[in-house]
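Chains, contacts and geometry: an overview
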Amino acid sequence: MRIGILGSGLIGGKLGTLFARAGHEVVFSYARSERKLKRLAREAAMNASAGTPADAARGADALLLAVHWSRVDDVLKQAGSVAGKVIVTCSLPMSLDDTGLAIARTDSGAEALARKVPRAGVVAAFGTVPSEVLYRVFANRHRAARPSLIYYGDHAGAKKVAARLIRDLGFDPVDAGPLRIGRYAEPFTLLIAQLAYEGHRGPELAYRLEWPRRKR
Ligand SMILES: NC(=O)c1ccc[n+]([C@@H]2O[C@H](COP(=O)([O-])OP(=O)(O)OC[C@H]3O[C@@H](n4cnc5c(N)ncnc54)[C@H](OP(=O)(O)O)[C@@H]3O)[C@@H](O)[C@H]2O)c1
């Protein structure tokens, strides 16, 4: 697949690198320095390049949205038309000072994003794990027990694309339902961040959902 990265920071830079290493064609975009985008592309793989958000969107099978909530409108404007495209978002609707969710309870960032781009297929994925764990999960991807990763959206085709990308990175995709599940998933992400950044065991944290079977 051709994947455009909109936001090449802590999480977008790592996800883009791993998508490229998994064999996808990746265009890194949206950082404050072009040099950084070029370095990311150079270090990721042969099939990665640096460009503008419009370059990233052009011909993309999927776009990864990985910017602070306050930058969403700007990066979408720079990307141009995203009609008919799959947008995988890991962006959380954090307040400007990052102290809490700016949208919650009766709405979610995922739903608010879908209202901004009504002709795109929005799926939320990758936002529920810290970026620090991604390389480790990818390195362990051939092990039997993979960590879970929830994803949710209203668009079946877009969800299929997201599930494939989740699998490619070494996670076991768990379909959590429609976009409004973001109302529960986004606060859950703050719990994960609390454990990752305030807990004693560090940020290389992933989770596994199990449905244990009764012994016969
Ligand atoms: N980091 C995580 O572990 C994690 C986990 C789950 C969800 N998320 C969510 O993912 C999103 C991205 O988080 P992040 O930690 O990756 O943030 P980040 O490191 O700050 O990355 C944001 C990207 O946007 C770029 N940017 C910001 N302002 C810009 C501007 N005015 N012009 C051009 N580029 C600009 C940054 O450029 P520079 O590279 O030059 O700074 C960076 O590449 C957030 O919504 C966050 O809530 C993050």
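Below you will find a few notes about this structure. If you're wondering where the values come from, they're calculated on a predicted model, not measured in any experiment.

Turning next to the side chain of S148. Along the polypeptide, S148 turns up in strand β7 (residues 148-153). Engagement of the side chain of S148 in a polar contact is seen with the backbone nitrogen of L209, the distance being 2.8 Å. Those residues within four positions of S148 in sequence are excluded, and the remaining contacts are F171, D172, V174, Y207, R208 and L209.

Let us look at the sheet that holds β7. A sheet is described by the order of its strands in space; here eight strands give the open sequence β3-β2-β1-β4-β5-β6-β7-β8, paired in mixed fashion. Where the open sheet ends on each side, the last strands, each with one partner, are β3 (48-50) and β8 (172-175). Here the average twist between neighbouring strands, direction ignored, is 25 degrees. Relative to β3, strand β2 (residues 25-29) runs parallel, the two sharing three bridges. Residue pairing for β3: V27 is matched across the bridge by S49. The strands that helix α1 (residues 10-21) touches are β1 (2-6), β2, β3 and β4 (62-65); relative to β2, the one it contacts most, it runs at about 160 degrees. Docked against the sheet, helix α2 (residues 34-44) engages β2 and β3, running at close to 170 degrees with respect to β3.

Cut-offs and rules
The numbering scheme is per chain: residues are counted from 1 as the chain's sequence reads. A pLDDT threshold of at least 70 governs which residues receive local features in this predicted model, and a stricter bar of 80 or more applies before side-chain atom pairs are shown or counted, although totals over entire chains, interfaces and linings include all residues. Hydrogens and water molecules were not included; the side-chain quantities draw on all heavy atoms of the structure. Numbering of helices and strands runs from the N terminus, with a helix taken as a DSSP run of H or I at least four residues long and a strand as a DSSP run of E at least two residues long. Pairing of N or O atoms within 3.5 Å defines a polar contact, subject to two protein rules: one partner must be a possible hydrogen donor and the other a possible acceptor, and residues neighboring in sequence count only if both atoms are side-chain atoms. Contacts are assigned to residue pairs with any non-hydrogen atoms lying within 4.5 Å of each other. A pair of strands is labelled paired if DSSP reports no fewer than 2 bridges between them. Axis definition: a line fit to C-alpha positions, over the contact stretch in the case of helices; interaxial angles, taken between N-to-C directions, run 0 to 180 degrees.

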